[in-house]
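Coordinate inspection notes
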Amino acid sequence: MAEPIKVVVTGAAGQIAYSLLYQIASGAVFGPNQPVYLHLLDIAPMMGVLEGVVMELADCALPLLAGVLPTAKPEEAFKDVVAAFLVGAMPRKEGMERKDLLAANVRIFKEQGQALDKVARKDVKVLVVGNPANTNALICSKYAPSIPKENFTAMTRLDQNRAQSQLAAKIGVPVQNVKNVIIWGNHSSTQFPDASNAVVTVGGAQKPVPAAINDDAYLKSTFVTTVQKRGAAVIAARKMSSALSAAKAASDHMRDWFLGSGDRWVSMGVVSDGSYGTPRDVVFSFPVTTANGKWKIVQGLTITDFARQMLDATGKELAEEKQEALDVCKD
Ligand SMILES: NC(=O)c1ccc[n+]([C@@H]2O[C@H](COP(=O)([O-])OP(=O)(O)OC[C@H]3O[C@@H](n4cnc5c(N)ncnc54)[C@H](O)[C@@H]3O)[C@@H](O)[C@H]2O)c1
Ligand SMILES: O=C(O)C[C@H](O)C(=O)O
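Here the structure is a predicted model, which means the values were calculated and not measured. (Residues numbered from 1 in each chain as written. Chains lettered and ligands numbered in written order. Predicted model: local features only at pLDDT ≥ 70, side-chain atom pairs only at ≥ 80, totals over all residues. Heavy atoms only, no water.)

1. As for unusual backbone geometry
The peptide bond linking asparagine 131 to proline 132 adopts the cis configuration, its omega dihedral lying at -10°. Relative to the helices and strands, proline 132 is located in the loop between strand 5 (125-128) and helix 5 (133-142). Positive phi is not limited to glycine here, since aspartate 80 has a value of about 65°. One can find aspartate 80 in the loop between helix 3 (74-77) and strand 4 (83-86). For aspartate 80, a relative accessible area of 34% puts it in the partly exposed group. (Helix = DSSP H or I, 4+ residues; strand = E, 2+ residues; numbered from the N terminus. Buried < 20%, exposed > 50% of the residue type's maximum accessible area, 1.4 Å probe, protein only.)

2. Points about the site of ligand 2
In the vicinity of ligand 2, the residues found are Arg92, Arg98, Asn131, Leu158, Arg162, His187, Gly231, Ile235, Ser241 and Ser242. Here arginine 92 contributes a side-chain N or O atom positioned 2.5 Å from an oxygen atom of ligand 2. Contacts to ligand 2 include histidine 187, whose side-chain N or O atom sits 2.6 Å from an oxygen atom. In isolation ligand 2 exposes 260 Å². Once the protein is present, 94% of that is buried. In a pocket analysis with a 2 Å cut-off to the grid points, ligand 2 is assigned to the largest pocket. Elements that contribute at least two residues to the shell around ligand 2 include exactly helix 6 (157-171) and helix 10 (230-238). Tallied by class, the residues present in the shell around ligand 2 amount to two nonpolar, five polar and three charged. (Near = heavy atom within 4 Å. Polar contact = N/O pair within 3.5 Å; in protein donor to acceptor, adjacent residues only side chain to side chain. Areas by Shrake-Rupley, 256 points an atom, 1.4 Å probe, with all protein chains shown as cover. 1 Å grid on protein atoms, 1.4 Å probe; cavity = no way out; pocket = protein on both sides within 12 Å on 5 of 7 lines; lining within 4 Å. Sits in = over half its atoms within 2 Å of the grid points. Nonpolar A, V, L, I, M, F, W, Y, C, P; charged D, E, K, R; others polar.)

3. A short note on the UniProt feature "binding site: NAD(+)" (unreviewed entry) in the chain
As annotated by UniProt and renumbered to match this structure, "binding site: NAD(+)" (unreviewed entry) occupies Asp42, Asn105, Val129, Gly130 and Asn131. In the annotated set above, the residues contributing to the lining of the largest pocket are Asp42, Asn105, Val129, Gly130 and Asn131. Counting through the fold element by element, valine 129 comes out in the loop between strand 5 and helix 5. Among all residues touching valine 129, those that are not within four sequence positions of it are Ile16, Leu86, Val87, Met155 and Ala250. Along the chain, the position of glycine 130 falls in the loop between strand 5 and helix 5. (UniProt positions renumbered as here; feature names shortened; annotations may be inferred. Contact = heavy atoms within 4.5 Å.)

So, in C-alpha cells, the structure goes:
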C-alpha cells in the first residue's frame, strides 16, 4: 500500500462536503490503493457540526482513511496537501445569479490563496467549487504566486455531466456512450454547452451526436438553456443548491486530473492562454485532456459563427467578473 497523501476539503461541514468526503475516503478519487489523510477546514462556529462529520467518517470504517484533521485554521488545513477541494463558500438562493455571490465569497479565496502560498506544496492541485467558481479560482491563484497558475482550476464538470446526461436521454443510450461534449466559459448562465464535437456509440458504432440527434434547433436552444439553467432548476425544486451531483463532479474532476482522462475530453476551468480567441488571464472552461497530472487544452476545433457569439458572451462576463473581484480584493 502507498504512503497516505494529504487532501484538504474546505466547507467540510457543508452539504457538498457531506457527499464528497465519502467519495474521497472510499477511493473513488485517488484510486483503490491510495490511502488519504483528510484535512477538513470550516469556520470556527461550525466546529461542533464538523465534529459530527468526523465521527461519521470514523463510523464508516474505511480502510483507505489514514486520518482526519478538523480545523478552522487555513494554514493548518493547507499544510503539505497534494490536492485541495475549495468548496467552502456561500451558496446562492432562488432568484440569484452565481455572480451575486462574488462580493461575499471572493475574499475567502483571497485569504485561502495567501494561506496556500505560505504552506501548501508547490505542486498542489486546486479545484475551486465555491461560486462564482471561475473568478474565485482566478483570485486564489493571484494570491498564491509561488504556485504555478496551471495548478488552479474551477469546476465545470457538473455542467459537463448534466450535458452528457441530457444528450444520452435524448438519443436513448446509456450516459457513458456519449463523450466529448464541451462546456466553454463561465460556470454561469452564459456558459456554452457545445455538442458539435460530441460522439455517441449507438448499436456498437460511433457517430457524431449532431447526426444522431438530427435537430440543430434543439442543440442550439433547448439543450443549451437546459444545461445553463440546471443549477437554478435544482435550487427551485430543493430550495438548496445541488450537492450530491456537485460532489460527484468534483470527484470526477480531481480523479481525471490525477489519474488521466483516457480517450475522453473533459471540461475544466483553467487560466486562459487566449486559445480560441478567449480573453487571457480569466479562468475559462475549455475541453482538455489530462495525463501524468497535467491538463492540455484540445486545439484545432472549428468555431462556427454561433459558437463565436457564445464564446464571446461568456468571455465578456468573465472579464467583467475579474474586474469586480479585483476591486473587492483591494480593500
Ligand atoms: N461549481 C459548481 O458546479 C458548484 C456546484 C454546486 C455548488 N457550488 C457552490 O459550492 C459552494 C458550497 O455549497 P454547499 O451546498 O456545500 O454550501 P453549504 O452552505 O452547505 O456549505 C458551505 C460550507 O462552507 C463553510 N464556509 C464558509 N466560509 C468558509 C471559509 N472561509 N472557510 C472554510 N469554510 C467556509 C460554511 O460554514 C459551510 O459549512 C457554494 O458557493 C455553491 O454555490 C458550486
Ligand atoms: O447553481 C448553483 O448556484 C449551484 C451550482 O453552481 C450548480 O450549478 O448547481
